[in-house]
Amino acid sequence: MIGRAIDVTVVDFKLSKKFSMRPSRWNRLDRVPVPCHHGGENVSSDWKDLAFHLDFRRSDTDNIAGRNRDDKSRCMDLLEEWLKRNGDRATVEVLMEALSEAELQSTVDGLRDKYPEVTGKSEAPRCILIEGEAGGGKTTFLSKEALDAVSQKTELGRRHDIVLLIRLREVWEGETIEEMVWDQCVSQTTEGIDVQSIRAILQRNESRVLFLLDGYDELRPEAREAGQAIPKLLSSKMYLKSTVVITSRPSAGVQQYTRPDCHVHIMGFSPEHVDKYVRQYFEIVGTAEIAKELITVVRKNPLVTDLLHTPIFLMLVCVLWEDNPEMVSPGTMTDLYSNLLTCLGKKHCKREGVEMPTDGLPADLADALLQIGNLALEALLRGETLLDVSQAENENLNWKLLTARLASVLKNVPGLKVLNLSYTALTPASLQSLVQGFRHIPQLEELDLTWIDKLGDAGMEVLQTGLSSVPHLAVLRLRNVHMTSAGMSLLTPYLRHLAGLRELDLNLNEIGDTGLTSLTTVLPTFIAMQVLDLAATRITHTGMRTLVPALRHLTRLVKLDIGYNNIGDSGLECFSAILPHLTAMEVLVLPDIRISHKGMVALVAGLCKLNGLIKLDISNNDIKDPGLECLAAILPHLTAMKVLILNSTGISDRGISALVKTLPHLVELQELNVSWNNIGDSGIVSLVQTLCQPRKLDLEQNPPREKSLTTATAPRYNTTLQRLDFGWNRGITGAGLGRVAQLIGTPTHLPDTAAMALAEALPRLPALEELELENISMDLAGFQAVVQAAEEHPTLKRLW
Ligand SMILES: Nc1ncnc2c1ncn2[C@@H]1O[C@H](COP(=O)(O)OP(=O)(O)OP(=O)(O)O)[C@@H](O)[C@H]1O
């Protein structure tokens, strides 16, 4: 814990070059006091956190706590125990990882300093932090560094063969380092490279990789969480031997994950730089003669001089001087900002061909600026420096004006790949100007117009005009844009341009069978398609008949959602026939598609071939017990299943009894939902009992060992199930729930007779070293007998 006074001892591991520590060596090691309170951390008092991250269980830590007098000895005991248990696997890297997960980063840094040869740290820094104020030139500096590094002009460049410039504002939650590299550093036209090969290259050349990470302050909060790729890279949990240079506005929190070896602060332009910049600026714009006077003015005016250290402001002042020299020397900073705004407003009016009013900005521009300012202020108050207009309350924004601005901005970002305008109040008219800008962003891969309910069919008509400009579009999200069959028919011919479409989301649009029929004319061309969302689109069995032949071509489909449509048994029957062709399918979402057990009979015939299926949702269909019985019969084929949703399916104990027979085959199951059904006490008890039982696979992989009684005596628990939902089953009574609680919560009870028998059996295992009786309750007599037998045992060292 930061800030505590410490006096801690840890062990000097005397690491071998191989980084391994065997118990035998360990016993001979000197124990040298090593301070581990770098930055005020106290490993001793935080030993339980460390134990947790070294995979010790609660019972282990309780034992360690019980057999030592103080935290210092407990910490020592823990490390000894860890070494003993893990042998060759007890490496200093593992220890450092656990220490940093336990937020004992200073101790990690201490170890790193102490064992540079082990941790890969040499004289060269691993992490360089470059901080600077907004617009201070961090991005410019890093881009220059990237160029200089690849041309080997800098020391960093000479020491690294692979230089990767990553803009952190474009990093998404869950994105891996290799995916970032693929996304940002590899050109679209490069052949033979994919995420796997990038990983292999980076791993092979780890110490020759230079990561240039730009704008930590712009990294989304979700991507900043511990466990995300960038924090892991910073805290040396991956690519430990690489070098990282990261830029950020001050105090954005980089140091939460790393203690930089080198800290650079960008101070901005010096007075000489300012002079040089001004001269160059006016030379370029062709009015070199007015540069000298500006230099004199800014030297005399402290207000402006202070501002001009920041490059972005210097540029703006040059623009202002060019427009009207009188505006550069107002009395106050506010006046200067206001003059800058007027100057930019004038330029805007000139470009748009509108009159600039004499008394301020044009009303629509002033209005839009005010609203954006308001959004920016709110974002700043939330501590965010990246403004996501799509998330804002934006009903009142002047979207027409904004999109016109956005369209002109698009000219400057030809490499833009993701455009997310979801949940905005765009109208067809405002979309028009934006779509015109698509020609400037031919690399666009993802367009998200989710939940823009003002678009409607007219919006689709506008959208189609821009699709031919963005042929690389792989993700198109049009969920709930109020499209009907007419809009779908308008859009479809233009979707043909998108040969690489991987994801199409049309959920919650009333496209109906007619719209679906036109979609099916282009679907077969999307051979790369992985995700197709057609939920709540008013499809019936007639529509399914046209969809199915087209679906057959989508052999890479990973997720299909056709829920909340009136498909019925007959619609599902024809769909099931092509299921065996969709071998990549992982997620099949079929809630409320009006099927009965007859539909299930057809479905399972196709389903049983999909052995990669990880999620099946057939909730809100009246399949009843016969339907579940059919499904249960094929579940042993679906061993990858992680999520099974069966709520509101009319099932009762009879169906559950079929399910429990096959549940042990679902070794990956994480979520089971059987809520809103007619299940009673016996059903739910048998279900929970089955889930609590050792799995077939567990037993196969961990057969009972001779020297340990662990498997034979202690219960084994389901380690994958995360969520079991059985609410709203009226047949389940308090008694049933009590039994369920017992099954889940109460430890197994060992009656005295069994405990005595165990005590008597102990001498017959003369080499036994450990006896684990965790979560087993005993009565006093039985307990005493076991303890006594354990004490008398010649080799038994540990009784849990
Ligand atoms: N060394 C430089 N020479 C000339 N112009 C520069 C220099 N550094 C920055 N600029 C100008 O200042 C602008 C802002 O710089 P830059 O985007 O690099 O700042 P930043 O610190 O990354 O800003 P932010 O904190 O907003 O990310 C640049 O677009 C460029 O016009």
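Note that the structure is predicted; figures quoted are calculated from it, not measured.

What follows deals with the overall build of the chain. Tallying secondary structure elements over the chain gives 34 helices and 20 strands in all. Taking all 800 residues of the chain together, the buried fraction comes to 48%. Counting contacts in the chain only where the partners sit at least 6 residues apart, residues at least 24 apart contribute 79% of the total.

On to the packing of helix α21 (residues 456-467) against helix α22 (residues 485-495), then. Direction vectors running N to C along α21 and α22 enclose 5°, while the axes themselves pass 8 Å from each other. On the basis of the axis angle, α21 is roughly parallel to α22. Here α21 contributes Asp457, Met460, Glu461, Leu463, Gln464 and Leu467 to the contact with α22, which in turn contributes Ala486, Gly487, Leu490, Leu491, Tyr494 and Leu495. When its residues are assigned to classes, the contact of α21 with α22 shows 8 nonpolar, 2 polar and 2 charged.

Another point: the site of the ligand. Close contacts around the ligand come from 14 residues, with Gly135, Lys138, Thr139, Thr140 and Arg249 the closest. Between Gly136 and the ligand, the recorded distance is 3.1 Å, taken from a backbone N or O atom to an oxygen atom. Computed on the free molecule, the ligand has an accessible area of 630 Å², of which 68% lies beneath the protein chains in the complex. Where the shell around the ligand is concerned, the elements lending two or more residues are α8 (138-150) and α16 (311-323). A per-class count over the shell around the ligand returns 6 nonpolar, 5 polar and 3 charged. When residues of the shell around the ligand are sorted by domain, at least three fall in each of domain 2 (127-265) and domain 3 (271-361).

With 5 of 5 residues buried, strand β1 (residues 127-131) lies mostly within the body of the structure. Here β1 shows no split at all, with Cys127, Leu129 and Glu131 on one side and Ile128 and Ile130 on the other all buried. Two elements, β1 and strand β5 (residues 262-265), share 4 bridges in a ladder whose sense is parallel. Each bridged residue has a counterpart across the sheet, and for Leu129 the counterpart in β5 is His263.

Moving on to unusual backbone geometry. Excluding glycine, most residues fall at negative phi; most peptide bonds, likewise, are trans. The phi dihedral of Arg594 is positive, around 60°, even though this residue is not glycine. Structurally, the position occupied by Arg594 is in the loop between β12 (587-589) and α26 (597-607). In this structure, Trp728 takes a positive phi of about 55° despite not being glycine. Residue position: Trp728 is located in the loop between β16 (723-725) and α32 (734-745). Relative accessible area serves as the criterion here: at 61%, Trp728 is assigned to the exposed category.

For the rest of this paragraph, the subject is the pattern of salt bridges. As enumerated under the stated definition, the model contains 26 salt bridges in all. Close ionic contact of Asp60 with Arg85 constitutes a salt bridge, the shortest N to O distance being 3.1 Å. With a gap of 25 residues between them, Asp60 in helix α3 (residues 58-67) and Arg85 in helix α4 (residues 71-86) connect regions that are remote in the sequence. Take Arg85: its relative accessible area is 33%, and that puts it in the partly exposed class. With a closest N to O distance of 3.0 Å, Glu218 and Arg169 form a salt bridge. Linking Glu218 in the loop between β3 (209-214) and α12 (229-234) with Arg169 in the loop between β2 (162-167) and α10 (177-184), this pair joins segments that are 49 residues apart in sequence. A relative accessible area of 17% means that Glu218 is categorised as buried. What you see here is one network of salt bridges that share partners, running through Asp60, Arg67, Asp77, Glu81 and Arg85.

This part is about the sheet that holds strand β11 (residues 559-561). The parallel open sheet is built from 11 strands, whose spatial order is β6-β7-β8-β9-β10-β11-β12-β13-β14-β15-β16. The outermost strands of the open sheet, each flanked by one partner alone, are β6 (418-420) and β16. Pairwise comparison of adjacent strand axes, ignoring direction, gives a mean angle of 5° for this sheet. With 3 bridges joining them, strand β9 (residues 503-505) and strand β10 (residues 531-533) adopt parallel strand pairing. By the bridge assignment for β10, Glu503 is matched with Val531.

Turning our attention to a nonpolar patch on the surface. A surface patch of nonpolar side chains, amounting to about 290 Å² of accessible area, comprises Tyr423, Trp451 and Leu508. When you line up the elements, Leu508 lands in the loop between β9 and α23 (512-522).

Looking now at the side chain of Glu145. Its place among the elements puts Glu145 in helix α8. Put simply, Glu145 is tucked away with no salt bridge, and the nearest opposite charge, on Lys144, sits 7.5 Å away. What Glu145 contacts, discounting residues up to four positions off in sequence, is Thr154, Leu156 and Leu212.

For the rest of this paragraph, the subject is the side chain of Glu503. In this fold, Glu503 is placed in strand β9. There is a polar contact of 2.9 Å between the side chain of Glu503 and the side chain of Arg477.

Bringing the packing of helix α14 (residues 291-300) against α16 into the picture now. Relative to each other, α14 and α16 sit at 120°, their axes nearing to 11 Å. The angle between the axes of α14 and α16 places the two elements in the oblique class. Here α14 and α16 pass one another in a crossing that is right-handed. Along its contact with α14, which presents Glu293, Leu294 and Val297, the element α16 presents Val317, Cys318 and Trp321. Class assignment for the residues of the contact of α14 with α16 results in 5 nonpolar, no polar and 1 charged.

Under the 1.5 Å per step criterion, the end-to-end length of α8 is 18 Å for 13 residues, consistent within 8% with the ideal 18 Å. Contact partners of the buried residues in α8: β1, α9 (155-159), β2, β3 and β4 (243-248). Two residues or fewer after α8 comes Gln152, characterised by a positive phi angle close to 55°.

Structurally, Glu103 can be placed in the loop between α5 (92-101) and α6 (105-114). Taking the C-alpha atoms as reference points, Glu103 and Asp46, separated by 57 residues in sequence, lie 9.4 Å from one another.

Turning our attention to the packing of aromatic side chains. For the structure shown, the criterion picks out 5 aromatic pairs. Their ring planes at 45° and their centres at 5.9 Å tell us that Phe211 and Tyr239 sit as a pair that is tilted. With a gap of 28 residues between them, Phe211 in strand β3 and Tyr239 in the loop between α12 and β4 connect regions that are remote in the sequence. Note on Phe211: relative accessible area 1%, which makes it buried. Under the relative-accessibility criterion, Tyr239 is labelled buried at 8%. Summarising the aromatic geometry, the rings of Trp676 and Trp728 are spaced 4.6 Å apart at their centres and angled 10° between planes, so their arrangement reads as stacked. On the criterion of sequence distance, the pair formed by Trp676 in the loop between β15 (671-673) and α29 (681-692) and Trp728 in the loop between β16 and α32 is long-range, its members being 52 residues apart. Residue Trp676 is classed as partly exposed on the basis of its relative accessible area, which comes to 49%. One Lys or Arg, Arg220, reaches over the ring of Trp172 and ends 4.0 Å from the middle of that ring.

In this section: the sheet that holds β1. Read across the open sheet, the 5 strands follow the order β2-β3-β4-β1-β5; overall the sheet is parallel. Two strands bound the open sheet, and with one partner strand each, they are β2 and β5. Across the sheet, the mean angle from the axis of one strand to that of its neighbour is 15°, orientation sign disregarded. Where α8 meets the sheet, it contacts β1, β2, β3 and β4, and its direction lies at approximately 160° from that of β3.

Rules of the game
- Residue indices begin from 1 for each chain and proceed along its sequence in written order.
- Given that this is a predicted model, residues contribute local features only at a pLDDT of at least 70 and side-chain atom pairs are listed and counted only at 80 or more, while totals for whole chains, interfaces and linings are drawn from all residues.
- Neither water nor hydrogens contribute to the side-chain values; these are computed over all heavy atoms in the structure.
- The helix and strand labels rest on DSSP assignments: H or I over at least four residues marks a helix, E over at least two residues marks a strand, and numbering proceeds from the N terminus.
- Using a 1.4 Å probe on the protein chains alone, a residue whose accessible area is under 20% of its type maximum counts as buried, one over 50% counts as exposed, and one in between counts as partly exposed.
- We call two residues contacting when some pair of their heavy atoms lies within 4.5 Å.
- Helix axes are fitted to C-alpha atoms over the stretch in contact, other axes to C-alpha atoms as well, and angles between N-to-C directions run from 0 to 180 degrees.
- An angle below 35 degrees is treated as roughly parallel, one above 145 as roughly antiparallel, one from 65 to 115 as roughly perpendicular, and anything else as oblique.
- Here the term charged refers only to Asp, Glu, Lys and Arg, the term nonpolar to Ala, Val, Leu, Ile, Met, Phe, Trp, Tyr, Cys and Pro, and the term polar to all other amino acids, Gly among them.
- If even one non-hydrogen atom of a residue comes within 4 Å of a molecule or strand, that residue is called near it.
- In protein, a polar contact requires one atom able to donate a hydrogen and another able to accept it; more generally it is a pair of N or O atoms within 3.5 Å, and residues adjacent in sequence count only if both atoms are side-chain atoms.
- The Shrake-Rupley method, run with a 1.4 Å probe, gives the accessible areas here. Residue values count only the displayed protein chains as cover.
- All domain edges in this entry derive from an automatic or database-based domain assignment.
- Note on pairing: DSSP must find at least two bridges between two strands before they are called paired.
- Basic side-chain nitrogens of Lys or Arg form a salt bridge, by our definition, when they fall within 4 Å of a carboxyl oxygen of Asp or Glu.
- Two joining distances apply to patches: 9 Å for like charges and 5 Å for nonpolar side chains (Val, Leu, Ile, Met, Phe, Trp, Tyr), and every residue must have over 30% relative accessible area and no salt bridge.
- Lys and Arg are tallied as positive, Asp and Glu as negative. Neither His nor the chain termini are counted.
- In this scheme the handedness of a crossing depends on how the near helix is turned from the far one: anticlockwise by less than a right angle means left-handed, clockwise means right-handed.
- By this rule the span expected of a helix is its residue count minus one, scaled by 1.5 Å.
- In this scheme Phe, Tyr and Trp rings, the latter by its six-membered ring, pair at centre separations within 6.5 Å, and the angle between planes marks the pair as stacked below 30 degrees, edge-to-face above 60, and tilted otherwise.
- Counting as a charge over the ring demands two things of the Lys NZ or Arg CZ atom: a distance within 6 Å of the ring centre and an angle within 35 degrees of the ring normal.

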